[in-house]
Each structure stands twice: as C-alpha cells, then as structure tokens.
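An overview of the molecular structure
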Amino acid sequence: MEEIDLTKIKYYPDRFYICLDGFDIQNLTTFITDLNIGQQQSIFIHEYYHYLTNIATLPGIRQFALNFCDRFKATTILTVAEGLDAFPINSNTHEKCKELVQYWKGVIDLLEEDDIDYKVVEETEKSANKKFTIASVEKIVKPMEVVIEGNVTNGGRNLINISITGLIGIQSFNLTFGVIDEFLSSSIDEYLFENDLSDINPSMLSNRPFYPYCFFDELLSFYGIRRPSAFEKIVIAYFSLNSPNPPITLINILEKLQDGGYDEFQKSPENFLMSNFLEASQYNEVLDYIKSFADQCSDQGRVHIAQALYYYYDKFYLAQKLKEKDFFFFIRPFFVNAEDTLRMKQRFLLALSRIINLFTPPLILKDKQFFYIDKLTSFGESTALILATYEILESIKTNQIAKRPAHLKAKYSFPDRDPDCDTFELFTPPPIYGTVFRLALNEIGLYGTYLQELEKRNQNKENDSTD
C-alpha cells in the first residue's frame, strides 16, 4: 500500500478547507455507498470531523465570531476613522483607534491560546524518547482586561495547566481546545481500526507524534483510566468540545471517572455525561451575534459577505437544532453495532451519510487548486470569499496596502486564478467581476480607499513630470 505524506494533510479551522494533496478526490465520498473505507477515506473522515467541530460546537462558532466577524468589523471602523493611515494595524498609534487595535490584537492572542501549542510539539519531537510524563494537572485563572467603549472590564479565563517531566525546554503548558479537537479525530482513527471498518495502515497510528495525538491516552492514564475503548474516548472528547470550556469540562469528567464513576459511565455514557456535566451554553447568543452581523452587512450593501455569513450561519443554526433534539447527533455513527463487520460498516456509513448530506464537506485543496464537492449552493463562492478576507486581515497587520501573503500565494490560487488579483497598480473602478481578492477588499471597505490612493499617486506622478 502506498504511504501517504501526512504533512500535506490538514484542516484549517474557520477557513473551511482541507488540504488533500495526493488524494483521488473524484472517488473520495463514494465509500458511503460502495462500503470501501480505504486509507484515504479514513483520513478524510478524520479531517471532516475537524470541520464538524468547527461548525457544530460553541467554541468553534465562537472562534469564527471573534476571528472573522469582530476583525472584519474592526477593520471597517478603522478605515472610516483614519483611511489608509489606519494601516498597518501593528503600527497604528492614533488615539481614537487605540481600543480597536488593542481588541484586534487581543482576539489573535485568544485564538493562539486555543490552538495546539506547537512549541510542545517541537520540543517533544526533539526529545530522546519523543514523549513526556504528566506530573500534575491544575486549574488556573488567567486575569483578563477588556476595554469596550472606554469602559474597562476585568475578569479571568479558566485554564488547565499541565506540569510535565521529560522535556528540557518546557515544564508546563495549557490544555487547549485545539488539542481536544485532535483527541476526537485521532480517536476516530482508532475506532475505524479497532472495529475493522477501514484498511487504514496501522503504522499510521503507531507512528503519530506523541503530542497531541497520543497524549490523550497519557492524560486518561494519569486519572487511572487505562486501556479505554476508542468509542469511550470519542464520547468524552466530543462532549468536552461541545461545552463552553472544553479543557475544564474534560478534566471535570476525568476527575469524576477517577472518583469511582467509570463503571457508571461505561453502563450509559450518554446519561452519565448529560446528568453530571451538561452546562447552559452561550450558543444562541453567539448565533444571534453572527446573524446580526450578517444583517448589518446586508443593510450596508456588503451583499457578498452577507451571503457568505448567512450560508455558514444556517449551518451553525442547523447544528444547534439537531443537538437540541439529540446532543450526540454528530457522533451517532460510532454508537452503532452489529454482529458482523459488513453489517457494522453498513450501519456506520448510513449514519455518517446523514451527517454528510446535511453538512457539505469543506473545500478541498489539491495541487494548489480548490475543489467543491457541493456545486449546487453558494458554499464554494462563500468560502473562497471568507478565505480572501482572512488573507487581507493577515496582510494589513504589517502592510498598508493588502497583499496576498507569499506563503499562501505559493500554496493556492483562488478559483478565478488571477495571479495579479492583489497588484494594487492594476486596480480599476467597480463593478468587480470574477476576482475574489478584490471583491473581498471591496466588501471590507478598502477597495475604494485604495483607488483613492492610486489616483493620488498617479496625480503626483503627473505633477512631477510637469515640473
């Protein structure tokens, strides 16, 4: 069996796309009906569940609200306040922009805190044993200060700090949403292998880096839970991800299991988790915020970004309604059982197909081009516009005129495949046709500002030549 380069495979949170170089994407979803879950399909399922975490959990949609909606809104306000002089954001020192700039940077810090700690990944891989041992787990509160319209609000963020031994450069790190997300998807890999549902190469499981992939087992073992089934790990990770604070919830669950609750959990995982740990979440509040922002964009004539927001809002909303009827809807395929492997596979894929039919898989990036599985909706167009907007937001941190970041320009081209889409000197007055990057600039309010700057520069050139 040909080995797949796993370094080329990744789902990009709230960018809504999977990088699948080396995959036969034409046959990627036929396993639903032909019952052939090969190595490529197993990896697809792994990444697809990252996508579901992104669009079906409170932390997932909260990240989108912060990372996309809040930064989009802040950028439009900064443009109105100071025009081109508002950028780059990292060097914006205008007094009336101070709060917005501080908040914009604070959002980035929060998102980084939620991600996998890649320093831990690097240090673990450099260590002699390529692993570490947990010494202690502690709940801590990180003080936070938020300034909104001149009013300072002080509070704290509840975190889980894990002290370790075995690494030279790191003695502790925080458990994060991103790591628990990886716990879920990697446990799904194990489930497919344990139940003989896939011909996934076992070396792909055994050769995975200890952190974050195998760290879940270390954490469970620390709390006295040894050799849990992949199904048990899926249920625990999924429930934690669907809580307001996944790291805190995960540790609360493990403490309860350690304190004699493991037998009760094994008898009925659903009842155990729902009766002991279900919390009121702010899901509806975040949903309402995203819908309100979409309405605001629509009212302002930003119709393309409004369409993109409405598309994903509808997915966020549907996910919530499904979970209100069945909290475990998105992992129901893993609850099925049967006497023989073939019937088990049939039932598993039937349950999975219900989810895939409701939640179109994300964009697929292969060989620097994007491919849509669903071509009948605005999904592809909406996602491409969101991607372009993110590129702009990243660029204006350090640039006055937005450019496509070099590493992303080398990685993919947009569906319009215009290599000069970000060439400022070639910008022309609206209407804008077929160029995603320029359309995103226009939606965020920067395109007109850039045209004014271009006209001013051209006028200065004419004046210089006249002189």
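Read on for a plain summary of the structure. (Residues numbered from 1 in each chain as written. Predicted model: local features only at pLDDT ≥ 70, side-chain atom pairs only at ≥ 80, totals over all residues. Heavy atoms only, no water.)

1. A look at the packing of helix 2 (residues 39–56) against helix 6 (residues 177–194)
What describes two packed helices is the angle between their axes and the distance between those same axes. Running from N to C, helix 2 and helix 6 cross one another at 145°; their axes reach a closest spacing of 9 Å. The way helix 2 lies across helix 6 gives a crossing that is right-handed. Of helix 6, the residues touching helix 2 (which contributes Ser 42, Ile 45, His 46, Tyr 49, His 50 and Thr 53) are Phe 177, Asp 181, Glu 182, Leu 184, Ser 185, Ser 186, Ile 188, Asp 189 and Leu 192. (Axes fitted to C-alpha atoms, helices over the stretch in contact; angles between N-to-C directions. Helix = DSSP H or I, 4+ residues; strand = E, 2+ residues; numbered from the N terminus. Left-handed = near helix turned anticlockwise from the far one by under 90°. Contact = heavy atoms within 4.5 Å.)

2. As for the layout of surface pockets
By volume, the second largest pocket is sized at about 1,300 Å³. Surrounding the second largest pocket, 46 residues form its lining, Leu 66, Leu 110, Asp 114, Met 144 and Arg 157 being those nearest its centre. Those elements giving two or more residues to the lining of the second largest pocket turn out to be helix 3 (58–82), helix 4 (98–114), strand 3 (133–148), strand 4 (151–165), strand 5 (172–175), helix 10 (246–267) and helix 12 (283–299). Take the lining of the second largest pocket: its biggest share by element is 10 residues, from helix 4. Looking at the lining of the second largest pocket residue by residue, the class counts come to 22 nonpolar, 11 polar and 13 charged. (1 Å grid on protein atoms, 1.4 Å probe; cavity = no way out; pocket = protein on both sides within 12 Å on 5 of 7 lines; lining within 4 Å. Points joined across faces, edges and corners; volume = space filled by probe spheres on them. Nonpolar A, V, L, I, M, F, W, Y, C, P; charged D, E, K, R; others polar.)

3. Here's the deal with the environment of Phe 31
By the secondary structure assignment, Phe 31 is in helix 1 (residues 31–34). Looking at Phe 31, the relative accessible area reads 0%, which means it is buried. Remark: the alpha-carbon pair of Phe 31 and Lys 119, spanning 88 residues in sequence, is separated by 37 Å. Residues contacting Phe 31, with those up to four places away along its chain left out, are Asn 36, Ile 37, Gln 41, Phe 44, Ile 45, Leu 349 and Leu 352. (Buried < 20%, exposed > 50% of the residue type's maximum accessible area, 1.4 Å probe, protein only.)

4. Details of helix 12
Note on helix geometry: an α-helix contains 3.6 residues per turn, so any two residues three or four positions apart are oriented the same way. Its 17 residues place the ends of helix 12 24 Å apart at the C-alpha level, agreeing with the 24 Å of an ideal helix rising 1.5 Å per residue. All of the buried residues in helix 12 are Tyr 283, Val 286, Leu 287, Ile 290, Phe 293, Ala 294 and Cys 297. Seen along its axis, helix 12 keeps its buried residues to an arc of 125°; they face one direction. Facing away from the buried side of helix 12, by more than 90 degrees, are the exposed residues Glu 285 and Asp 299. Buried positions along helix 12 lie against helix 2, helix 3 and helix 13 (303–325). Gly 301, located one to two residues past helix 12, shows a positive phi value of around 85°. (Expected span 1.5 Å × (residues − 1). Arc of directions from axis to C-beta.)

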